[in-house]
Amino acid sequence: MTFLSLFFIFSRKFEYSIKNGYNLSKDTFTNSRSKRGLCMNNDTKIKEVMGKAIAEAKKTMNDNVGGPFGAAIIDKEGKIVSVSSNSVLRDHDPTAHAEINAIRAAGEKLGTHDLSGCTLVTTAYPCPMCLGAIIWSNINHVIYGCRPKDAEAIGFRDDFIYRFIKDDHPDKKILAIDEAFREQCLILFKEYQEKEKTLY
C-alpha cells in the first residue's frame, strides 16, 4: 500500500471523526465536544464564526482575489484567532487556499506552529492539501459547509484529487511520482535524528 493510499484512508477516517464529533444540526459546541478539549463561550456561536468566513470569502471572491472559500480558526476558549479566504488568483499561489491562509495567520498571531486545541471552521470540506496542513498543525476539529462534490459541481477539483489519491494515481499524464537517490537523502534524516532536532 502506497503513502497516497494510506493518506486517503486516514483522510476518510478523519472525515468520519468530523462527522461524528460534531452535531451539524446545532450551532454551538456541546459537552461531548468539550471532552476533546474543544469548547466555546455561550455567546459565541459556530454560525457566527461561519458567517465571518462566508463574508470574507464573498468579499475577496468578488474582488477576484480567489475562489469562493473562507475559513476561520478559533482557540479552545472559542475566541477567533484568524479569518481568511482563498487568495490563489491574487497571490499567484496555488497553495493559498482559505484553510492554509488561516493556519498561517493563526500560527503567526499565536507565535507557534502547534495549533493544538484549535478548531477550523471552513466553508467547504478541505482539499487533500489543506487536510494535510490541518493535521500537521495539530488542529483536531474541523467544521465544514459544502462537500467535495459541491465544489466539483461548480468546477473545482477537490473530489477529483481525492479519487486520484484513492486510485493510487494511475494516470501518469496528470502526475508522475518517482523515487530516486534515497540513500543520499536518508543522510539528512539520520543527521536530524542524531542531533535530536524538534519533531512536529
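Bear in mind the structure is a predicted one, so any value in this text is a computation, not a measurement. (Residues numbered from 1 in each chain as written. Predicted model: local features only at pLDDT ≥ 70, side-chain atom pairs only at ≥ 80, totals over all residues. Heavy atoms only, no water.)

Asks: What should I look at first to understand the side chain of T123 in this one?
Replies: Within the element layout of this structure, T123 appears in strand β3 (residues 119-124). When near neighbours in sequence (up to four residues on either side) are disregarded, T123 contacts M50, A53, I54, P68, F69, G70, G145 and C146. (Helix = DSSP H or I, 4+ residues; strand = E, 2+ residues; numbered from the N terminus. Contact = heavy atoms within 4.5 Å.)

Asks: Before we go on, may I ask you to explain the environment of W136 in this structure?
Replies: The residue W136 is located in helix α6 (residues 128-136) in this model. Each C-alpha atom, one on W136 and one on H113, is 8.7 Å from the other, the two residues being 23 residues apart in sequence.

Asks: Please clarify how the packing of aromatic side chains should be interpreted in this entry.
Replies: In this description, a pair of aromatic rings is defined by centroid distance and the angle of the planes. Summed over the entire model, instances satisfying the criterion amount to five aromatic pairs. Ring geometry for F69 and F156: centres 4.9 Å apart, planes at 80°, overall edge-to-face. Residue F69 is located in the loop between α3 (46-62) and β1 (70-74), and its partner F156 is located in the loop between α7 (148-153) and α8 (158-166); the two are separated by 87 residues in the primary sequence. Using a relative accessible area of 32% as the deciding quantity, one classes F156 as partly exposed. Seen in terms of ring centroids, W136 and Y200 are 6.1 Å apart; in terms of plane orientation they differ by 55°. Their pairing is tilted. Taken together, the residues span a long stretch of sequence, with W136 in helix α6 and Y200 in the segment after α9 (182-194) at a distance of 64 residues. On the basis of relative accessibility, which here comes to 59%, the residue W136 falls in the exposed class. Three or more aromatic residues link up through ring pairs in this structure, and these residues are Y125, Y144 and Y162. (Phe/Tyr/Trp six-rings, centres within 6.5 Å; stacked < 30°, edge-to-face > 60°. Buried < 20%, exposed > 50% of the residue type's maximum accessible area, 1.4 Å probe, protein only.)

Asks: Just to check I follow, could you spell out the packing of helix α5 (residues 98-110) against α6 for this structure?
Replies: Each pair of packed helices can be described by the angle between their axes along with the distance between the axes. The interhelical angle for the contact between α5 and α6, taken along N-to-C directions, is 25°, at an axis separation of 9 Å. It follows from the interaxial angle that α5 and α6 lie roughly parallel. For α5 against α6, the interelement crossing comes out left-handed. Contacts between α5 and α6 involve E99, I100 and I103 on the former and, on the latter, M129, C130, A133 and I134. When the residues that make up the contact of α5 with α6 are grouped by side-chain class, the tally is six nonpolar, no polar and one charged. (Axes fitted to C-alpha atoms, helices over the stretch in contact; angles between N-to-C directions. Parallel < 35°, antiparallel > 145°, perpendicular 65-115°, else oblique. Left-handed = near helix turned anticlockwise from the far one by under 90°. Nonpolar A, V, L, I, M, F, W, Y, C, P; charged D, E, K, R; others polar.)

Asks: What is the right way to look at unusual backbone geometry in this model?
Replies: Among all residues save glycine, negative phi is the norm, and among peptide bonds the norm is trans. Phi is positive for N138, which is not a glycine, with a value near 70°. Relative to the helices and strands, N138 resides in the loop between α6 and β4 (141-146). A positive phi is found at E196, a non-glycine position, where the angle reads about 50°.

Asks: How should I be thinking about the environment of T95 in this particular structure?
Replies: Here T95 shows up in the loop between α4 (88-91) and α5. For T95, a relative accessible area of 28% gives the class partly exposed. Distance from T95 to M129, taken between C-alpha atoms, is 7.9 Å for residues 34 residues apart in sequence. In terms of polar contacts, T95 uses its side chain to reach the side chain of D93, at 2.7 Å. (Polar contact = N/O pair within 3.5 Å; in protein donor to acceptor, adjacent residues only side chain to side chain.)

Interpretation in functional terms is not warranted from these geometric data alone.
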